[in-house]
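# A look at the structure
Spelled out, the chains give:
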Amino acid sequence: MAKVTYIEDNGTEHTIDVPNGTTLMEAAVKQGIPGIDGDCGGACACATCMVYVPEEWLGKLPEVETMEETMLDFCERREDNSRLSCQLVASDELDGIRVKMPESQH
Ligand code: FES
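## A short note on the side chain of E8
Looking at the element boundaries, E8 is found in the loop between β1 (2–7) and β2 (13–18). Buried and unpaired, E8 has no salt bridge, with K100 as the nearest side chain of opposite charge at 10 Å. Looking at E8, its side chain comes within polar contact range of the side chain of H14, at 2.6 Å. Residue contacts for E8: discarding those within four places in its chain leaves H14, P34, K100 and M101.

Printed below as a string of structure tokens:
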């Protein structure tokens, strides 16, 4: 299990327990956390689940695959540390991770 903190663009924090094997997008949508829509249900086809990941956590995440790269390219607010949260699967290793949502995803 991973304790994940989602930070809205206004600074409001939501910390929840995400079971291993669940994506950070699924968990956020289930808990009604604002800023993550997950419109495509995790198919890597909408980019409404984009989050910014702090530098120190980037190395613990899987590499960006081609599909994710393509979708991120469509995101106006893409930064170097942008990831699609539907591609990030919770594990003990991600316990304590903090991700920030972009302003555009209200
Ligand atoms: Fe659609 Fe992540 S939920 S790309």
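Back to the text.
## Topic: the pattern of salt bridges
Scanning the entire structure with this criterion turns up six salt bridges. A salt bridge links E13 to R98; its shortest N-O distance comes to 2.7 Å. Remark: R98 occurs in strand β5 (residues 98–100) and E13 occurs in strand β2; sequence separation between them is 85 residues. Exposure remark for E13: the relative accessible area of 43% places this residue in the partly exposed category. Take R98: its relative accessible area is 34%, and that puts it in the partly exposed class. A salt bridge links E68 to R83; the nearest nitrogen and oxygen atoms lie 2.8 Å apart. Note that E68 is positioned in helix α3 (residues 66–74) and R83 in strand β4 (residues 82–84), a separation of 15 residues in sequence. The residues E68 and R83 share a single accessibility class, namely buried.

The rules behind these values
- Residues numbered from 1 in each chain as written.
- Predicted model: local features only at pLDDT ≥ 70, side-chain atom pairs only at ≥ 80, totals over all residues.
- Heavy atoms only, no water.
- Helix = DSSP H or I, 4+ residues; strand = E, 2+ residues; numbered from the N terminus.
- Buried < 20%, exposed > 50% of the residue type's maximum accessible area, 1.4 Å probe, protein only.
- Lys, Arg positive; Asp, Glu negative; His and termini not counted.
- Salt bridge = Lys/Arg side-chain N within 4 Å of Asp/Glu carboxyl O.
- Polar contact = N/O pair within 3.5 Å; in protein donor to acceptor, adjacent residues only side chain to side chain.
- Contact = heavy atoms within 4.5 Å.

Such coordinate-based values are descriptive only and should not be taken to indicate function.
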